[in-house]
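# Survey of secondary and tertiary structure
Residue strings, one per chain:
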Amino acid sequence: MRVLSRFMMAATDARHFPAPALPEVAFLGRSNVGKSSVINSLVGKKLAKTSSTPGRTRSINFFELRWPGKPQAELVFTDLPGYGYAQVSREISSQWPSFIEPYLRNRPCLALCLALVDVNVPPQDSDKQLMEFLAGSGRPFLVVGTKSDRLSGNQLRSSLQALTEGFPGAKVLPYSARTGAGQEDLWREIREAVQQRTDMMNVSSRRH
Ligand SMILES: Nc1nc2c(ncn2[C@@H]2O[C@H](COP(=O)(O)OP(=O)(O)OP(=O)(O)O)[C@@H](O)[C@H]2O)c(=O)[nH]1
Ligand SMILES: [Mg+2]
């Protein structure tokens, strides 16, 4: 799917987040799981900075997306710092509560949280904690199993099964930023969540 995208801003403080005008899709997960790579593969260009060294993304980075032929941006992707990586300094991980938790708890336009997990890695406690937090806060979320290109068909099936069992109740979609596998399914989920949120925002603005 063709989409136009641009970097809006980076924020490390809730006071600096852009006004919540458009539906947002957040990309969450452990450091190095491939959050920035999934964003780049969805938009078809090098928008977010990626790295083989964990801890590359250190702020919440906001990207605006627009469909070709439409006059205005219609949704925002947010690339978040990763969690749960020992090499990431204390200072960085201590930033989780200070600006990421308020973002996930309070951001009114957050339409969908994508919880990314590596399909090559069994379910981790840190990921379970994130899913529990998201379920508890009532945020719609979806598990995306990244780097699916590293597994054969049978291996992938059993990994997905393990993830479904490890994160009960969550929908799991396999994805490869390298090959583009899973892209159409993920875009469909994103479009549906954004549409629902846009409808909700229109209804509430008509009431005011
Ligand atoms: N084989 C394979 N490697 C991938 C894929 N997606 C990302 N990678 C690699 O995984 C590493 C991390 O990718 P990033 O996108 O920077 O990961 P991130 O989750 O944004 O990392 P942080 O910002 O550090 O939390 C890079 O070396 C990527 O090349 C994929 O689909 N397949
Ligand atoms: Mg990143």
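The paragraphs below set out a description of the structure included in this document.

A word on the coordination of the magnesium ion (ligand 2). Taken together, the protein donors to the magnesium ion (ligand 2) comprise Ser 36 (OG) and Thr 57 (OG1), at separations of 2.1 to 2.3 Å. Of this pair, Ser 36 sits in helix H1 (residues 35-43) while Thr 57 is found in the loop between H1 and strand S3 (60-66), placing the two residues 21 residues apart along the sequence. With respect to class, Ser 36 is no different from Thr 57; both count as buried.

What follows concerns the pairing of strand S2 (residues 24-29). Taken across its 6 residues, S2 has 6 buried, putting it largely inside the fold. Of the two faces of S2, the one holding Glu 24, Ala 26 and Leu 28 and the one holding Val 25, Phe 27 and Gly 29 are both buried throughout. Summarising the sheet, S2 and strand S4 (residues 75-79) pair through 4 bridges and their orientation is parallel. When the sheet's bridge partners are listed, Glu 24 is paired in S4 with Val 76. Relative to strand S5 (residues 110-118), S2 is paired through 6 bridges, and the arrangement is parallel. Residue pairing across strands places Val 25 opposite Leu 112, the latter belonging to S5.

Here the focus is the sheet that holds strand S1 (residues 4-11). Strand pairing in a sheet relies on backbone hydrogen bonds, with the paired strands running either antiparallel or parallel. Pairing within the open sheet is mixed, and its 7 strands lie in the order S1-S3-S4-S2-S5-S6-S7. On the outer flanks of this sheet lie S1 and strand S7 (172-174), each paired with one strand and no other. Strand after strand, the sheet turns through a mean of 25° between neighbouring axes, direction not considered. The pairing of S5 with strand S6 (residues 141-146) spans 6 bridges and is parallel. In the strand pairing of S6, Asp 118 is matched with Thr 146.

Quick notes on the rules
Residues numbered from 1 in each chain as written. Chains lettered and ligands numbered in written order. Predicted model: local features only at pLDDT ≥ 70, side-chain atom pairs only at ≥ 80, totals over all residues. Heavy atoms only, no water. Donors = N, O, S within 2.8 Å, 3.2 Å for Na, K, Ca; no water. Helix = DSSP H or I, 4+ residues; strand = E, 2+ residues; numbered from the N terminus. Buried < 20%, exposed > 50% of the residue type's maximum accessible area, 1.4 Å probe, protein only. Pairing = 2+ DSSP bridges. Axes fitted to C-alpha atoms, helices over the stretch in contact; angles between N-to-C directions.

Function cannot be read off these values alone, since they describe shape.
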